[in-house]
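Architecture at a glance
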Amino acid sequence: MELFEDYQPGRRGAYDEMFQDGRLRGPYQGLARSFAEVTGPEVRARAEALAASYLEQGVTFDIGGEERAFPLDIMPRVIEQDAWNTIDRGVQQRVRTLELFLDDVYDAGRVFDDEVVPRRVVTTSSHFHRVAAGIESPNGVRVHVAGIDLIRDDNGDFRVLEDNVRVPSGVSYVMTNRRAISAALSEAFASHRIRPVQSYPRKLLAALRASAPAGVDDPTVVVLTPGVFNGAYFEHALLARTMGIELVEGRDLVCRRGRVMMRTTSGLEQVHVIYRRVDDEFLDPVHFRADSMLGCPGLMNAARAGNVTIANAVGNGVADDKLVYTYLPDLIRYYLDEEPILANVDTWRCGEPDHREEVLDRLDELVLKPVDGSGGKGIVIGPDASRAELDELRAKVVADPRAWIAQPVVQLSTVPTLIDGRMRPRHVDLRPFAVNDGSKVWVLPGGLTRVALPEGELIVNSSRGGGSKDTWVMAGGRVSAPSAAAPPVATVDLHSPPPETGPALESRFAQQEQQQQQRAQHRSPRAAGAAGAAGEVPTC
Amino acid sequence: MLSRIAESMFWIGRYVERAEDTSRILDVQMQMMVEDPTVDIDAGVLTLLSVMGARIPDDGKPLSLTGTFNRMAFDGSEVTSIASAIGGARESARRARETLSTEMWEVINSTFRHMSSGRFRTMRLPDAFKWVRERAAVINGTADATMSRDEGWQFLVLGRSLERADMTARLVATSALTPGPNSAWPVTLRACGAYQSFLRAYRGQETDREAAEYLLLDRLFPRSVVHALTRAEQCLANLEASGQRVGFQDEAQRLLGRTRAELEYRSIGDIVTDLPGEMERLQRTCASASDAVTQRYFAHAVAMTWQGGAAR
């Protein structure tokens, strides 16, 4: 365990997922054993091979125009079965609530009349699109894919930090990470029972097909990407490839008489479902930004006419707004009549006078986040900020309080991470992905664990230099005995002939055999007369 | 062209293809056994060994996962291993060295050198499998770029196509037999490098029957059985000097053509009811066709080197 020397978990009160007071926690015992069997240099060599293979495969992320390998840490993160069950149920509950909320917002607005959420919270959101009102997908789903960001607090409980129901990204890394780590740590893999993640594209495609316009038996589904210069282009390509569908850009599409068509070598072909990875504002220059070249003019009208389904639906941004987030526990109670399974992180809304006052008083101990921000942009962590930064922040909050929320500094949990050849605690979060096909919300077992690589850093976004970890959800002990339903040994009904061998190999093996026999001073007449037996037709 | 050279070409084609296919099969089988918690490893290893036609050690000890894969990859004394296949390709190439293009000989020889240098043995298995696939591509690409399309080329491609049909049949048999709740077909498709093209062809709706159909009958995918058989038939037809007015004189061509026609003209439902049996028959056809080719074209070479089945 040379790798774990001087490992000091739980600094600043953070929950360490592997060690508790210097002792291993249960879920990590198997992994610790596997790591103990491999030497430090070997682990480091494998970690290097990992990075090289990511560059080769083109698993990259674009930071400021530079293509970099997405950093993948060799140490996986393990989530025990019980904790996962809670996450699974909690994420489902959350997605169902967000669906109901979006339906309501773009329809009758019951939630405003019943004064659960003030109407202005939604109408002042820059993601609220009136044009989306009344557009309903045939199976009623607006959130086909959701990514719910979770963190693990000081007590080891998972809490929701953020919902993503517009175009959550990162799922491709879940799949590539699994493949890469299974190659790098095959011993550890074989001794764990890890729930597989490769079924995601199939589930997603099934959900997209299920949302096709009524009456279309065999819908054409496409992925819409902004193009090769987008940071997540790798993911768009991977999803299209693994679903076996076309990856289109805006210029490949054209709207004719309320239908969306794509230009193919055999003329125009109608598209029924668009899994779009383009933001709302760029989707349709007729309704949104007129200068957008990424979308397709007429898309919204086609959707309104019911000839095409856009997934995720336009206007979903109101539901993952950081301000609406603060109302989510109330919304869960209101729509589902259930208690939230996953708690929020405590949050103050600067838009409310009494909250604002408290926040301004405690600016140096809180984390302030812009309501519209994503990718960790604009976040100010009070204790780490300088006097000048805080003054600037204060001015901004006073000028536009609606745009800010505040949260206490939550120490994200830590997991050992290979830094400069040694394991060191680094903060992680977790983004599980949920796919809604209209009848069931399915949560991909695992999800993307992002890790902040600089010491003490709490922002994990890859645009801020974060890396990732393969996330293992355990499923109990590995099956060793064949199940009753399966035939015990398959060889019974199988008689594959051995592969034939040509003269070259025949003589090589014969030569080996002869040499062995010579050595044993035991030449059988048959081997000695091998040349004489020439011409025998092989019997296969 | 000398019979002996022709035979060498034929076996270069077969061995290189065998090395590639074996590495493909081992690669995905290993991924599957490692990643899928529902797979019963012991039964999986046994199925794999018997499908590859490898010998199953009868010392009563349980087969270890890594031990088995290491043996199938690196063990030169195991006839079905990758090491053996590459060794065989190089041995065959050595016997035809004067007719092979220099470049062709060099890529085969350097592949063999690297493999026997010990560096290959220290590679991690997934890397080793990938390396073998890449080397096979280099060899095939060099052949494609530097060999004239004469008889030698026909024999090379004939060998490759026969081996490919045989290996795909073995793979199809594995997935029909793999126990466990999860379908083995995605894995099989991946082993053939066919997963993505299959998804595109069938618009992402994968069912077992369609996967079998694709691997057996697709006319466009180069690793499907029908494609490989058609290719082999073409080579045989090209080798037949004069045009044939009535039927087929060549025994191998007759065997392959009949099997292909049977596959293509029977309903897929009929074929999948006894997939392992069908695949076994197919493998035997390939073996018989290979014998027929040997009888007809390489008769002399056999007399000079055949060791009377001493290896078995």
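Positions within a chain are numbered from 1, following the residues in the order the chain's sequence is written. The lettering of chains begins at A and the numbering of ligands begins at 1, in the order of writing. With pLDDT at 70 or above as the cut-off, local features in this predicted model cover only qualifying residues; side-chain atom pairs require 80 or more to be listed or tallied, and sums for whole chains, interfaces and linings still use all residues.

The next thing to look at is the overall build of chain A. Secondary structure is summarised from DSSP: a helix means a run of H or I of at least four residues, a strand means a run of E of at least two, and numbering begins at the N terminus for each. Helices and strands together make up the secondary structure of chain A, namely 17 helices and 25 strands. Out of the 540 residues in chain A, the part that is buried amounts to 45%. Here the contacts in chain A between residues at least 6 apart in sequence split such that 70% fall between residues at least 24 apart. Three exposure classes are used, all based on how many other C-beta atoms lie within 10 Å of a residue's own C-beta (placed from the backbone): buried at 20 or more, exposed at 12 or fewer, and partly exposed between those limits. A pair of residues counts as a contact when their C-beta atoms, built from backbone coordinates, are separated by no more than 7 Å.

The next point concerns the overall build of chain B. The number of helices and strands found in chain B is 16 helices and 0 strands. Here the globule rule is a power law, 2.2 Å times the number of residues to the power 0.38, and the radius of gyration is based on C-alpha atoms. For chain B, whose C-alpha radius of gyration is 19 Å, the value lies close to the compact-globule estimate of 20 Å for 312 residues. Sequence separation of at least 24 residues holds for 71% of the intrachain contacts in chain B that already meet a minimum separation of 6.

Our focus in this paragraph is the sheet that holds strand β12 (residues 267–270) of chain A. Residues and elements named next belong to chain A. Paired strands, in this sense, are two strands between which DSSP finds at least two bridges. Sheet architecture is open: 3 strands sit in the order β10-β11-β12, paired in antiparallel fashion. For this open sheet the edge positions go to β10 (253–256) and β12, each flanked by a neighbour on one side alone. With direction set aside, neighbouring strand axes in the sheet form an average angle of 45°. In terms of strand pairing, strand β11 (residues 259–264) meets β12 through 4 bridges, oriented antiparallel. Looking across to β12, one finds that Arg263 is bridged to Leu268. Only the contacting stretch of a helix is used when fitting its axis, a line to C-alpha atoms as for every element, and angles between N-to-C directions run 0 to 180 degrees.

This part is about the domain arrangement of chain B. Residues and elements named next belong to chain B. Each domain's limits were defined by an automated method or a database of domain assignments. One can read the domain layout of chain B as domain 1 (1–147) and domain 2 (150–298). Computed from C-alpha atoms alone, the centre-to-centre distance between domain 1 and domain 2 is 20 Å. In this complex, domain 1 contributes 31 residues to the contact, which on the side of domain 2 involves 30 residues. Those elements that place two or more of their residues in the side of domain 1 that touches domain 2 are α1 (3–35) and α2 (41–51). Considering every element that reaches the side of domain 1 that touches domain 2, the biggest residue donor is α1, with 17 residues.

Let's shift gears to the nonpolar core. Buried Ala, Val, Leu, Ile, Met, Phe, Trp, Tyr and Cys residues whose C-beta atoms connect them within 7 Å together make up a nonpolar core. In this structure, Val260, Ile274 and Ala434 of chain A are the most contacted members of the largest nonpolar core, which totals 234 residues. The biggest single contributor to this core is α1 of chain B, with 16 residues. Looking at this core, you find at least three residues from each of domain 1 (1–147) and domain 2 (150–298) of chain B. Excluding residues that lie within four positions of it along the chain, Val260 of chain A makes contacts with Leu253, Cys255, Val271, Ile274, Cys296, Leu299, Ala302, Asn307 and Val308 of chain A.

Let's shift gears to the pairing of strand β6 (residues 145–152) of chain A. All names here are of chain A. Among the 8 residues of β6, 8 are classified as buried, and the element is accordingly described as predominantly covered. Taking every second residue as pointing to the same face, both faces of β6 are buried, with Val145, Gly147, Asp149 and Ile151 on one and Ala146, Ile148, Leu150 and Arg152 on the other. With 3 bridges connecting them, β6 and strand β22 (residues 433–436) associate as antiparallel partners. Counterpart to Val145 in the pairing with β22 is Val435.

Turning to the packing of α1 of chain B against helix α7 (residues 125–146) of chain B, a few remarks are in order. Helix packing for two helices is described by the angle between their axes and how far apart those axes are. Residues and elements named next belong to chain B. Here α1 crosses α7 at 150°, and the two axes come no closer than 9 Å. Our classification of the angle between α1 and α7 gives roughly antiparallel. α1 and α7 meet at a crossing whose hand is left-handed. On α7, the residues touching Val16, Ala19, Glu20, Ser23, Arg24, Leu26, Asp27 and Met30 of α1 are Leu125, Pro126, Phe129, Val132, Arg133, Ala136, Ile139 and Asn140. Under this scheme an angle from 65 to 115 degrees is roughly perpendicular, one under 35 degrees roughly parallel, and one over 145 degrees roughly antiparallel; angles in between are oblique. Throughout, a crossing is termed right-handed when the near helix is turned clockwise from the far one, and left-handed when it is turned anticlockwise from it by less than a right angle.

Residues and elements named next belong to chain B. Predictor confidence is given residue by residue as pLDDT, running from a minimum of 0 to a maximum of 100. Residue-level pLDDT values for chain B average 84, and 90% of them are 70 or greater. Here helix α16 (residues 299–305) is the element of chain B with the lowest mean pLDDT, 51, and helix α12 (residues 225–239) is the one with the highest, 92. Scored below 50 in pLDDT, residues 301–312 shows 34 contacts in the model against residues more than four places distant or in partner chains. In the predicted complex, the global pTM is 0.80; the interface-specific ipTM is 0.71.

Okay, the environment of Pro276 of chain B next. Along the polypeptide, Pro276 of chain B turns up in helix α15 (residues 275–297). Sequence-wise, Pro276 of chain B and Ser175 of chain B are 101 residues apart; in three dimensions their C-alpha atoms are separated by 9.3 Å.

Our next topic: the environment of Asp144 of chain B. Mapped onto the fold, Asp144 of chain B is located in helix α7. The spatial distance from the C-alpha of Asp144 of chain B to the C-alpha of Gly277 of chain B is 35 Å, given a sequence separation of 133 residues.

Below, the discussion takes up the sheet that holds strand β19 (residues 404–408) of chain A. Residue and element names in this part refer to chain A. The 4 strands are arranged β16-β19-β17-β18 in an open sheet whose pairing can be described as antiparallel. Of all strands in the sheet, those bounded by a partner on one side alone are β16 (348–349) and β18 (380–381). Across 5 bridges, strand β17 (residues 366–370) lies against β19 in antiparallel orientation. From the neighbouring strand, Pro370 faces β19, where its bridge partner is Trp404.

What follows covers the packing of α1 of chain B against helix α3 (residues 65–74) of chain B. All names here are of chain B. Viewed as axis vectors pointing N to C, α1 and α3 meet at an angle of 170°, and their least axial separation amounts to 11 Å. With respect to their mutual orientation, α1 and α3 come out roughly antiparallel. Contact residues: Thr22, Leu26, Met30 and Met33 in α1; Leu65, Phe69, Met72 and Ala73 in α3. Counted by class, the contact of α1 with α3 contains 7 nonpolar, 1 polar and no charged residues. Each residue is assigned to one of three groups, with Ala, Val, Leu, Ile, Met, Phe, Trp, Tyr, Cys and Pro labelled nonpolar, Asp, Glu, Lys and Arg labelled charged, and all others, Gly among them, labelled polar.

The subject of this paragraph is unusual backbone geometry. Residues and elements named next belong to chain A. With an omega dihedral of -10°, the bond running from Ala311 to Asn312 counts as a cis peptide bond. Along the chain, Asn312 turns up in the loop between β14 (309–311) and α12 (322–325). One non-glycine residue with positive phi stands out, namely Asp6, at about 60°. Tracing the chain through its elements places Asp6 in the segment before β1 (19–20).

What follows covers helix α2 (residues 40–57) of chain A. All names here are of chain A. With 18 residues, α2 should reach 26 Å at 1.5 Å per residue; the first-to-last C-alpha distance of 26 Å fits that figure. Against α1 (29–37), β4 (66–69), β5 (72–79) and α6 (171–184) lie the buried residues of α2. Two residues or fewer after α2 comes Gly58, characterised by a positive phi angle close to 75°. Helix span is expected to be 1.5 Å times the residue number reduced by one.

Helix length check: helix α8 (residues 151–177) of chain B (27 residues) gives 39 Å between terminal C-alpha atoms against 39 Å at 1.5 Å per residue, within 8%. Taken across its 27 residues, α8 of chain B has 25 buried, putting it largely inside the fold.

With that settled, the discussion passes to the environment of Ala237 of chain B. With respect to the element layout, Ala237 of chain B can be found in helix α12. Residues Ala237 of chain B and Met104 of chain B, 133 residues apart in the sequence, show an inter-C-alpha distance of 25 Å.

So, on to the confidence of the model for chain A. Residues and elements named next belong to chain A. The predicted model of chain A averages 83 in pLDDT, with 86% of residues at 70 or higher. Within chain A, no element has a lower average pLDDT than helix α17 (residues 525–528), which sits at 37, and none a higher one than β22, at 96. Here residues 477–492 is a poorly scored stretch, pLDDT under 50, and it has 22 contacts once near neighbours within four places are set aside; other chains count. Below pLDDT 50 for its whole length, residues 521–540 participates in 27 contacts with residues either more than four positions away or in separate chains.

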